[in-house]
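Summary of structural features
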Amino acid sequence: MKNTHQVVKGEICVNLIIHRGAKQIGGSCTEVFTERTRIILDIGQELPNIDDEKLKKPSSFPRVKGLYREDDKKIDAILISHGHGDHIGLLEYVDTDIPIFIGEKALEIFNVTAQFTGGKSIANPVNYFKSGQEMTIGDFSITPYLVDHSGFDAYGFVIKADGKCIVYTGDFRDHGRKKKATDCFRSNIPKGVDALLIEGTMMSRISEKIETEEQIEQKAFEFMSSPNRPVFVLQSSTNIDRLVGMYRAAQISGRIFVMDIFTAHIVSQLNNTIPKPGKFKDVRVFYPYHLTKRMFEELKEEKLMKQFNRNWISREELGKRSDYCMLIRNTMLSDLEHIKNLQGAGFIFSMWRGYKKQRRTDRLLDYAKNNNMDIIDLHTSGHAHIDSLKKVIRSSGAKKIIPIHTERSDLFAEAFEKVYLAEDGETILI
Ligand SMILES: [Zn+2]
Ligand SMILES: [Zn+2]
């Protein structure tokens, strides 16, 4: 049965369709449905490559009846596992009547990003997940569980209807600071689930070394211990586990910690255990020139920008000192070019190495090399290693293992039994 929502009359049949993501990383969109209820799990944008522009064109959206504004056959709910663009990126295009279910902090981070990029904030009715607390949506009862992932406030789902059970892992790992959350999710997966939709990002990156976030922090500390030079860290502003590690490394090595105004607003949404300006010692805020200009002149966000005035650090001050660790983004090349005394600085590349192919990142790294910076790679994946996948698969005792968010679903079939290799758009009766 392909590309259809037909079900047998008179009984509840539980079905699922991976609209996109059966054989690719990113752009995730899955649906679980009965005759009466339709629920979408994630509505992601495909990961950017050279031709970024086409990603926001409707022709590249997954075709799901009832999801977008012009359709009339409605979806009952959209569940967003976490705030990475490849899971939430197309949310602004969906019908605004459809209720959204998401982590509260994940949505706050999404809204801050929208403010800084001039994007739309979400107009849909919103419900927040409470980890371990069951929610009822039509024929389905769904329990979200917090999981460890590089994206903050990420969840996996246990989905039940009519005696059937589907588990959707979302993106997860168990080598970060929330390892225990993943352990808890795993232990709450009912034994013998009917279908386990499991992410398999690392199947195409098996040679990548997996270290814990604590190990990354220790290495960062050792690197930052070389005196008389500033250290720059190129990392995602929303990778909070990493940011915490870099802050700690900076503190122990006697450095002040500098973040840009965008990152300052991201962390200010989070609880008070996360380093933030004004609340934590030695956290200072840098105002990137082009971002600041756009925020004042185009987006008129004066109040937002002035929120961290007291913690401001200028280019001039940075040029005079070497005892700082500064988080940077790949849009900040021209700012670095205007800070004095950066010859021989330390530079930590703290992202997936695939991002080195991005033009902006490549130019930033060129700049670092041309200034004789000491560049090191310090990163660990946000995704589960094959050993962690094995643990989830074994403890679930799933009747059907359906790989998702992977470029190598074929390797699942080699490594595990009961693997079902789905096609995008195929209806699978559970
Ligand atoms: Zn993802
Ligand atoms: Zn993710």
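Residues numbered from 1 in each chain as written. Chains lettered and ligands numbered in written order. Predicted model: local features only at pLDDT ≥ 70, side-chain atom pairs only at ≥ 80, totals over all residues. Heavy atoms only, no water.

Looking at an unreviewed UniProt entry, the protein carries the name Beta-lactamase domain protein, with the source organism given as Alkaliphilus metalliredigens.

**A few points about the sheet that holds strand 3 (residues 38-41)**
Pairing is mixed in the open sheet, where 7 strands are placed in the order 6-5-4-3-2-1-19. Since the sheet does not close on itself, it has two edges, and those belong to strand 6 (126-128) and strand 19 (427-429), each with one partner. For this sheet the average axis-to-axis angle between neighbouring strands, irrespective of direction, equals 25 degrees. Pairing of strand 4 (residues 77-79) with strand 5 (residues 100-102), which is carried by 2 bridges, proceeds in the parallel orientation. Each residue of the ladder has a partner; that of I78, found in strand 5, is I100. (Pairing = 2+ DSSP bridges. Helix = DSSP H or I, 4+ residues; strand = E, 2+ residues; numbered from the N terminus. Axes fitted to C-alpha atoms, helices over the stretch in contact; angles between N-to-C directions.)

**Considerations on the side chain of D86**
Looking at the secondary structure, you find D86 in helix 1 (residues 85-88). Salt bridges are absent for the buried D86, whose nearest opposite-charge side chain, R205, sits at 8.4 Å. Setting aside its immediate chain neighbours within four residues, D86 contacts G26, G27, S28, G44, Q45, L47, D171 and H405. (Buried < 20%, exposed > 50% of the residue type's maximum accessible area, 1.4 Å probe, protein only. Lys, Arg positive; Asp, Glu negative; His and termini not counted. Salt bridge = Lys/Arg side-chain N within 4 Å of Asp/Glu carboxyl O. Contact = heavy atoms within 4.5 Å.)

**Digging into the pattern of salt bridges**
Applying the stated criterion across every chain yields a total of 30 salt bridges. Between D183 and R186 there is a salt bridge whose closest N-O contact spans 3.1 Å. Highlighted residues: D183 and R186, both in helix 3 (residues 179-187), separated by 3 residues, approximately one helical turn. For D183, a relative accessible area of 23% puts it in the partly exposed group. Salt-bridge contacts for K356 lead to D377; the nearest nitrogen and oxygen are separated by 2.8 Å. Note that K356 is positioned in the loop between strand 16 (346-349) and helix 11 (359-370) and D377 in strand 17 (residues 374-377), a separation of 21 residues in sequence. Overall, the relative accessible area of 29% leaves K356 in the partly exposed class.

**A few points about the packing of aromatic side chains**
Evaluation of the coordinates by the stated rule reveals 12 aromatic pairs. For the pair W352 and Y355, a centre-to-centre distance of 5.7 Å together with 85 degrees between the ring planes defines the contact as edge-to-face. Looking at Y355, the relative accessible area reads 30%, which means it is partly exposed. We note R205 situated over the ring of W352; from NZ or CZ to the ring centre the distance is 3.8 Å. The aromatic ring of F349 is capped on one face by K356, whose charged end is 4.8 Å from the ring centroid. (Phe/Tyr/Trp six-rings, centres within 6.5 Å; stacked < 30°, edge-to-face > 60°. Lys NZ or Arg CZ within 6 Å of the ring centre and 35° of its normal.)

**Regarding the coordination of the zinc ion (ligand 2)**
Within the first shell, the zinc ion (ligand 2) binds the protein through H82 (NE2), H84 (ND1), H149 (NE2) and D171 (OD), at distances of 2.1 to 2.4 Å. Linear spacing of the donor residues for the zinc ion (ligand 2) on their chain is H-x1-H-x64-H-x21-D. Here the zinc ion (ligand 2) and the zinc ion (ligand 1) are spaced 3.5 Å apart, with D171 acting as a shared donor. (Donors = N, O, S within 2.8 Å, 3.2 Å for Na, K, Ca; no water.)

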